[in-house]
Amino acid sequence: MFKKTQPTQGEDLFKSISHQVSGRKSKILEDPASWHNVFYDQVTRQIDEDVFSVLYHKGNGRPNASIRKMVAMMILKEGNGWSDQQLFEQCRFNLTVMRALGIQNLDEDVPVESTWYRFRKEILEYYEAAQDDLMKRCFQRLTAEQIMMHGISGAKVRMDSKLINSNIANHNRIELILEVVRSFVKPLDLTPLKGKLDKEALEFLQSLKEKTVANITYALSNAQQGKLLVSLGHMIQQLLTVYRGKEVDQYDLLERLWTEQYTTETAGEDDDDQSGSESGIQPRDPSELSATSIQSAHDSEAGFRKKGQDKTRKTVKGYHGNIIETCTPENEINLIVDVDVREANVSECEFLLPGLEASEEVFGQAYASDTTADNPKRHIEHVTTDGGYDSYENRIALTQNDAPHWNLSNVRGRKSVITFGHDEQGQLIAYHTETGEQYKMTFSSKCKKHIVHINDKFKRYYTETQIEQVFLRQQLLADRPPEDRSIRANVEASIHQVFHRLGKNEKVRYRGRYQSHCYVLYRAMWTNFRRIQKKTAENSPVFDFWGLWRSVRAQVLNWFDGQGMFNDHKIYAQRLA
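Residues numbered from 1 in each chain as written. Predicted model: local features only at pLDDT ≥ 70, side-chain atom pairs only at ≥ 80, totals over all residues. Heavy atoms only, no water.

With that out of the way, let us pick up the overall build of the protein chain. Helix and strand counts for the protein chain stand at 20 helices and 13 strands. Evaluated residue by residue, the protein chain yields a buried proportion of 45% over its 577 residues. Nonlocal contacts in the protein chain, meaning residues at least 24 apart in sequence, comprise 67% of its contacts between residues at least 6 apart. (Helix = DSSP H or I, 4+ residues; strand = E, 2+ residues; numbered from the N terminus. Buried < 20%, exposed > 50% of the residue type's maximum accessible area, 1.4 Å probe, protein only. Contact = heavy atoms within 4.5 Å.)

Written out as structure tokens, the structure reads:
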């Protein structure tokens, strides 16, 4: 049964944390600028539990544990890079973490491990069944509350992305196929395969259930691996035939592997030494394999991507995370307002329009009670991106009259020396971008392309779409303010803040797109909290006192230095200042 977390009943005189510690500790615990009090006030207390009500029955059953505590625990876990064991130890025995969760008395406890794990599992299962991202909605409402409390404007935003590896082993092709087959046959009784496969193949599958992939492949030569690759095609075909229609785990994954990795060809009349079915199965050429093909038996959603050139070349098997943050100069702090994680092969340009729409939704929630129709804080007027977000569709969308101004730092494609315009009569003309030399233009009705005659020997052909893209590019780059060119640089700092706790080889701890997506959401919520906490500390009286003390100290030291009293210790004085 769904039940909201009830307001705290206050501190028990005999069990209160503050009353059981010394005066100095109590003062630190009660300091409004301390991180745990800011976290409770800005995160834990602001979590909208109604978002998760769909996971529970409305009237029957045992009441749920505190949802805001469980969500706050997830944020604390990823924010500090704790393991599950460390998380529960901190939540039960660390006084500041307890206060961050809203625990006032020593006899209060957090939800037990089984309840916490079940809650995470239910969020995943609900997403898979209903395609409703509850954690994303929780993030949006929490961020909207923070935006409203701190008066943050959404007039200007910027975005950037990062490739992250999934928590999977880096297999080559033969190892990948073997691992998928091993995962499929491991829980099965292979008796139904008798008569379908020869004795050698059955023994191989039985040994695959008991061995690791490395045990099988480490001693094989390239020729032996090629032969095994073909043999595995025959085995997979029989496995799919025998177990079709039966409720077998990993069947869909094995079928997908078969489609991606193998092809069937009709055997020729000269293939007398092989049966027609066997000779027709061949591994696909590596060039035919898509970036969306399976990268691991344990994370079928991970994508493949190569980025960069030479020494900067980077191979990723995992996901592509995108973040959007505010960057209005008038804001005291800027917050991350949208997070999106997709497969690694998804291009940056596919994040732009959905990200702007989601960000507008957050600002709309933040200022929903504002009766001002044209509140500039709730509408995005300016977006800054790099050239990776450039595409024909995005150019069209962001050159509409009601679209925000797009500060595009670069454009895709090689810069051409030929550009287009219109003469005084409105006719299409082509000219050199640097010299301004105008070229002759004709139109070919046969190929339906415009022809630019460079000289008597050289011609270039352009479609209507290509010319339209040139005009869209000119429109985007026209009247670009000089101050816009430096806006994007700070996005790299946000990328570092969100992703710096990734493991070795920039691997996320989890497998699966949604699990990785939630990880980035938790990190974004933690990053927003740290920014708010920093602002709170700067505005607190304690911070002002220390700032005043440093200022007075520097002035005193400078006066003594001016009197020549620190000539022998000038370096030391400068360090103190």
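What the five strands build is an open sheet, ordered β9-β10-β11-β12-β13; its pairing is antiparallel. Each edge of the open sheet is held by one strand with a lone partner, namely β9 (418–422) and β13 (459–462). Taken over all neighbouring pairs, the strand axes of this sheet differ in orientation by 35° on average, direction set aside. Sheet analysis places strand β12 (residues 449–453) next to β13, joined by four bridges and oriented antiparallel. By the bridge assignment, V452 is partnered in β13 with R460. (Pairing = 2+ DSSP bridges. Axes fitted to C-alpha atoms, helices over the stretch in contact; angles between N-to-C directions.)

This next bit is on the packing of helix α7 (residues 134–150) against helix α18 (residues 513–539). At a minimum axis separation of 10 Å, α7 and α18 run at an interaxial angle of 15°. When the interaxial angle is binned, α7 and α18 end up roughly parallel. Relative to α18, α7 is oriented so that their crossing is left-handed. The residues of α18 that touch α7, namely those facing L134, M135, K136, F139, L142, T143, Q146 and H150, are Y514, H517, C518, L521, Y522, A524, M525, N528, I532 and K535. Across the contact of α7 with α18, the residue classes break down as eleven nonpolar, five polar and two charged. (Parallel < 35°, antiparallel > 145°, perpendicular 65-115°, else oblique. Left-handed = near helix turned anticlockwise from the far one by under 90°. Nonpolar A, V, L, I, M, F, W, Y, C, P; charged D, E, K, R; others polar.)

Relative to the 24 Å expected for 17 residues at 1.5 Å per residue, α7 spans 25 Å between its end C-alpha atoms, a close match to the ideal helical length. Those residues of α7 not exposed but buried are L134, M135, K136, C138, F139, Q140, L142, T143, A144, Q146 and I147. The inward-facing, buried residues of α7 contact α2 (35–42), α3 (67–80), α6 (113–130), β6 (336–343), α14 (349–366) and α18. Phi turns positive, to about 60°, at G151, one or two residues after α7. (Expected span 1.5 Å × (residues − 1).)

The next point concerns the pairing of strand β4 (residues 303–307). Direction of pairing for β4 relative to strand β5 (residues 314–326): antiparallel, over a ladder of five bridges. By the bridge assignment, K307 is partnered in β5 with K314.

Moving on, we come to the environment of H382. Secondary-structure assignment places H382 in strand β7 (residues 382–385). Exposure remark for H382: the relative accessible area of 6% places this residue in the buried category. H382 sits 24 residues away from W406 along the chain, and the two C-alpha atoms are 6.0 Å apart. Only 3.3 Å separates the side chain of H382 from the side chain of H405, close enough to count as a polar contact. (Polar contact = N/O pair within 3.5 Å; in protein donor to acceptor, adjacent residues only side chain to side chain.)

This next bit is on the environment of S540. With respect to the helices, strands and loops of the structure, S540 is situated in the loop between α18 and α19 (541–562). Between the C-alpha atom of S540 and that of P32, which follows or precedes it by 508 residues, the distance is 8.3 Å.

The next subject is α14. Between the first and last C-alpha of α14 there are 27 Å, a value that for 18 residues agrees with the 26 Å anticipated at 1.5 Å per step. Of all the bends found along α14, the most pronounced is centred on G355 and spans about 25°. Buried residues of α14: C349, F351, L352, G355, L356, A358, S359, V362, F363, G364 and A366, and no others. (Bend = angle between axes of the 7 residues up to and from the residue.)

The geometry of α3 relative to α6 is characterised by a closest axis approach of 11 Å and an angle of 85° between their N-to-C directions. Classified by the angle their axes make, α3 and α6 are roughly perpendicular. Seen from α3, the contacting residues are I67, M70, V71, M73, M74 and K77; seen from α6, they are T115, W116, F119 and R120. Of the residues in the contact of α3 with α6, the class split is seven nonpolar, one polar and two charged.

Within the element layout of this structure, Q261 appears in helix α12 (residues 251–261). Among the polar contacts made by the side chain of Q261, one reaches the side chain of R173 at a distance of 2.8 Å. Each residue touching Q261, except ones within four places of it in the same chain, is listed here: R173, L176, I177, Q282, P283, R284 and L289.

Turning next to the confidence of the model for the protein chain. Per-chain confidence: the protein chain averages 85 in pLDDT, with 87% of residues scoring 70 or above. In the predicted structure, residues 267–278 sits below a pLDDT of 50 and forms five contacts with residues beyond four places in sequence or in another chain. Contacts from residues 569–577, a stretch scored under 50 in pLDDT, to residues over four places away or in other chains number seven contacts. (pLDDT = per-residue confidence, 0-100.)

On inspection of all chains with the given rule, the structure shows 15 aromatic pairs. Seen from their ring centres, W35 and F529 are 6.4 Å apart, and the 65° between their planes marks the pair as edge-to-face. Of this pair, W35 sits in helix α2 while F529 sits in helix α18; the two residues are 494 residues apart in sequence, bridging distant segments of the chain. Assessed through its relative accessible area of 24%, W35 is described here as partly exposed. Residue class for F529 comes out buried when judged on its relative accessible area of 0%. Summarising the aromatic geometry, the rings of F88 and W116 are spaced 5.6 Å apart at their centres and angled 90° between planes, so their arrangement reads as edge-to-face. Within this pair, whereas F88 is found in helix α4 (residues 84–93), its partner W116 is found in helix α6, the two being separated by 28 residues in sequence. With a relative accessible area of 0%, W116 lands in the buried category. Three or more aromatic residues link up through ring pairs in this structure, and these residues are W35, F39, W526 and F529. (Phe/Tyr/Trp six-rings, centres within 6.5 Å; stacked < 30°, edge-to-face > 60°.)

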